[in-house]
Amino acid sequence: MRAFERLKQLIDDKGITYTFISNKTGIPENTISRSLSGKRKLPADEMISICKATGIDLSDFTEDRIA
C-alpha cells in the first residue's frame, strides 16, 4: 500500500471530511482529493499538515504498518 492510500484509509476510518482538512490546513479540497486518489503527487509538507490536522501519527506510515 502506498502512503497516500494509507493516509486516505486512515482519514476514511476516522470519518474526517476533506472540507475539515481543507479548513485546518489551507489546502484546497480538490487538491486533497486529487492527492489522496493518486491523481497528484502528495508533497511531504502537505502530508505532514494533513496528519497534524487529523491527529494521524506519522508512525502509521512505517514500512511494517503499510505492508
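Refer to the structure printed above.
Notes on the structure in this doc start here.

Conventions we followed
- Residues numbered from 1 in each chain as written.
- Predicted model: local features only at pLDDT ≥ 70, side-chain atom pairs only at ≥ 80, totals over all residues.
- Heavy atoms only, no water.
- Axes fitted to C-alpha atoms, helices over the stretch in contact; angles between N-to-C directions.
- Helix = DSSP H or I, 4+ residues; strand = E, 2+ residues; numbered from the N terminus.
- Parallel < 35°, antiparallel > 145°, perpendicular 65-115°, else oblique.
- Left-handed = near helix turned anticlockwise from the far one by under 90°.
- Contact = heavy atoms within 4.5 Å.
- Nonpolar A, V, L, I, M, F, W, Y, C, P; charged D, E, K, R; others polar.

Details of the packing of helix H1 (residues 3–14) against helix H4 (residues 44–54)
So, point 1. At their nearest, the axes of H1 and H4 sit 12 Å apart, and the two run at 20° to each other. With respect to each other, H1 and H4 are oriented roughly parallel. Judged by the sense of rotation from one axis to the other, the crossing of H1 with H4 is left-handed. Here H1 contributes Ala-3, Leu-7, Ile-11 and Lys-14 to the contact with H4, which in turn contributes Met-47, Ile-50, Cys-51 and Thr-54.
So, point 2. Here the contact of H1 with H4 is composed, by residue class, of six nonpolar, one polar and one charged.

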